[in-house]
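Structure at a glance
As a plain string of letters, each chain reads:
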Amino acid sequence: MDDDGRYRDGRSDFVRGAKDIAKVAKKQVGKKVGRGVDKMTDEYTKRSYKRFEEEDDDDDYAGVPGNDGGYYRNDSRANDDEGHSDSTEGHDEDDEIYEGEYQGIPRADSGKAGSVDGVTAAAQAQQFRDLSAFEGERRKDQEELAQQYEAILQECGHGKFQWTLYFVLGLALMADGVEIFVVGFVLPSAEKDMCLSEPNKGMLGLIVYLGMMVGAFVWGGLADRIGRRQTLLISLSINSVFAFFSSFVQGYVSFLFCRLASGVGIGGSIPIVFSYYSEFLAQEKRGEHLSWLCMFWMIGGIYASAMAWAIIPHYGWSFQMGSAYQFHSWRVFVLVCAFPSVAAISALTTMPESPRFYLENGKHDEAWMILKQVHDTNMRAKGYPERVFSVTTIKTVKQLDELVNLSEDASWHEKWRIKLTSLFHQVWSNFQTIFSPEYRRTTYMMMAVWFSMSFSYYGLTVWFPDMIKYLQKQEYSSRTKVFLKEKVEHVTFNFTLENQVHKQGEYFNDKFMNLRMKSMVFEDSLFEECYFDDITSSNTFFKNCTFIATLFYNTDLFKYRLVNCKLINSTFLHNKEGCLLSDISDENNAYMVYFVSFLGTLAVLPGNIVSALLMDKIGRLRMLAGPSTFSGISCFFLSFGNSESAMIALLCLFGGISIASWNALDVLTVELYPSDKRTTAFGFLNALCKLAAVLGISIFTSFVGITKAVPIMFASGALATGSFLALKLPETRGQVLQ
């Protein structure tokens, strides 16, 4: 055989061997990996042919046909149809028609990083030998995309589409505002239904913040990997389902779990909503409209206060099935509070995913179609339907595909386990990057600002109502009537006894029938041959008393209300079961709680308006540090809050000033981090915010009725620290969204 024949046969043997390897790979590790090996084989054989041909004369084999009419140079696969992936898989991805061509979608000018599905670690190492160089290319792509994306948003304009999305995402933010108030409003009624102790009440008050802390971190990380819209839909669905269940469950543990899960669900609202909306806003509109979006948190608080005011005091709105199942008016309120979340889910299904998220993940076609939708919607609404979306190509960021080996024989749960494990590693890796040298200083500074503001804000906003309750209690106690050494015989008490103290009294053959005892104390008294029938009590105690031949029938005077008392020939029959709701006379106190919350929430309206109008004029840092400083100064006025009206006024002043700082902090957080890390960083910082809230609430409320100096010093010190550190952050006004 001549040299030409040996070359020809050698190359054919090489091709056949390589194709056989591809076949085996497909059978052993799946078609996906097999196609990857097939592609690498094609590339390697092409390079090998080139070496063969360089060693040979250019004309020796230039036109030598194969047995089937193919050419070795021009059709290297002509001799082995069965070995080619076209025969085994139907077609090769390189030969596919561009999937967007039939829709008129232009091809991206920079596709993915040329990665091959299922390539081995060695192939990845060969393709990206220097990972830092790849990251540099990716960062360059992101910078080019940021500039082009800003120009595209300028062409799309700000109009009907953004305003529609504004109201849709506003419902999600409103649901977050409602969640904060739910437990606080139902606690006075729920504690009677569930017989809650003081520690249980405290845990119920904090469990929502703990759930939101977990939710913010989890959903924020997922939103950077699976999409803003999809993650927000999942989180709101979890919130809605468990909020619904919490209105029906009867036990304390089950109610606690449902509120925890509901908090986990709503925890993703703030990080995702602000990031999602910002990616549809051009630079000159971003600060203003993100501040307008913050108003829905205020609307959520107003909605919760109004619904509590209208529903909870109406004790007639209830039913029960024996003593085992009770559905009182506060449960109706919990159910109504789930409506904003349900409405947000329904509206969000009509909105598209963030095109910036698609472009960051190499999905050019989907992003182009959404941006065209934004452009066309706005132009039609402005009366220019003839204007055409002029963008032809959009930069996409290079992607580094990861090998996920899913065998065809693997069970469904094994596949899900592998996918979830891979997703977890991606989320965790993305979280670690916000502490990389590039972002480390910014992240630590933002952590300090978020923590200091949250510690003082949430601590004081819960401390104010507790102080108002304490002042109410002090004023109520000042009107207590005291009776000493009274002697009462053969008298029937069938009216309400309230706010009285009876010391060293003697009661003989008296009847206490069909009455309510509220804040009553009997000390060192004697009850002989008395009859207690159908007694409902609250905050009533008998201390060091003696009961002789006394009958208790259908009362709630349980033994814990009898402190160091002697019972001689006395009997308890048919004690009332369970815990009863507060007396109807407590309506005034309930209305006051709702009214105070309503005023405190409404007071942030001026701060919202001011921050929206000035955010893009004076900058984020000034808007953050200025109101935060004034909030710290206003804390010193707390020393003058010696009355209920004064505390309400200070609550409104503090809330109205500090909300501008919160708006600026939200905008700054969105703009400091790039798109592929935005919700991860925002979610982490918001989780830290909820942790600081738990600490602030626990510390500040422990000083109620003891001293005002400690809360004043803590709040003012934290706000001063946050203001100082805020000025060290980079200003983002006038910059394109990274």
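Now for a look at the structure at hand.

What counts, and at which threshold
Residues numbered from 1 in each chain as written. Predicted model: local features only at pLDDT ≥ 70, side-chain atom pairs only at ≥ 80, totals over all residues. Heavy atoms only, no water. Phe/Tyr/Trp six-rings, centres within 6.5 Å; stacked < 30°, edge-to-face > 60°. Helix = DSSP H or I, 4+ residues; strand = E, 2+ residues; numbered from the N terminus. Buried < 20%, exposed > 50% of the residue type's maximum accessible area, 1.4 Å probe, protein only. Lys NZ or Arg CZ within 6 Å of the ring centre and 35° of its normal. Pairing = 2+ DSSP bridges. Contact = heavy atoms within 4.5 Å. Polar contact = N/O pair within 3.5 Å; in protein donor to acceptor, adjacent residues only side chain to side chain.

Moving on, we get to the packing of aromatic side chains. Here the distance between the centres and the angle between the planes together describe a pair of aromatic rings. With the rule as written, the count across this model stands at 53 aromatic pairs. Arranged with centres 5.7 Å apart and planes meeting at 75°, the rings of Phe-527 and Phe-542 form a pair that is edge-to-face. Note that Phe-527 is positioned in strand β9 (residues 526–528) and Phe-542 in strand β11 (residues 541–543), a separation of 15 residues in sequence. No difference in accessibility class separates Phe-527 from Phe-542, as the two residues are buried. Three or more aromatic residues joined by ring pairs make a cluster, and in this case those are Phe-493, Phe-495, Tyr-507, Phe-512, Phe-522, Phe-527, Phe-532, Phe-542, Phe-547, Phe-552 and Phe-572. Directly above the ring of Tyr-149 sits Arg-356, whose terminal nitrogen or CZ lies 5.1 Å from the centroid. Just above the ring of Tyr-384 sits the side chain of Arg-387; from NZ or CZ to the centre is 4.1 Å.

Glancing now at the pairing of strand β13 (residues 551–555). Across 4 bridges, strand β10 (residues 531–538) lies against β13 in parallel orientation. Considered in β13, the bridge of Tyr-531 is made with Leu-551. Taken together, the 3 bridges between β13 and strand β16 (residues 571–573) define a ladder with parallel strand orientation. Looking across to β16, one finds that Tyr-553 is bridged to Leu-573.

What follows concerns unusual backbone geometry. Here His-490, not a glycine, exhibits a phi torsion of approximately 55°, which is positive. On the secondary structure map, His-490 appears in the loop between β4 (487–489) and β5 (492–493). Among the residues examined, His-490 registers a relative accessible area of 53% and is labelled exposed. A positive phi is found at Asp-524, a non-glycine position, where the angle reads about 50°. For Asp-524, the location among the structural elements is in the loop between β8 (511–523) and β9.

A word on the side chain of Thr-443. Position of Thr-443 among the secondary structure elements: in helix α18 (residues 440–477). Other than its neighbours up to four places away in sequence, Thr-443 contacts Ile-434, Phe-435, Tyr-673, Phe-684 and Leu-685.

Glancing now at the side chain of Thr-555. Along the chain, Thr-555 falls in strand β13. A polar contact is formed between the side chain of Thr-555 and the backbone nitrogen of Leu-557, at a distance of 3.4 Å. Dropping the residues within four chain positions of it, Thr-555 is found in contact with Phe-532, Asp-533, Asp-534, Ile-535, His-574, Asn-575 and Lys-576.

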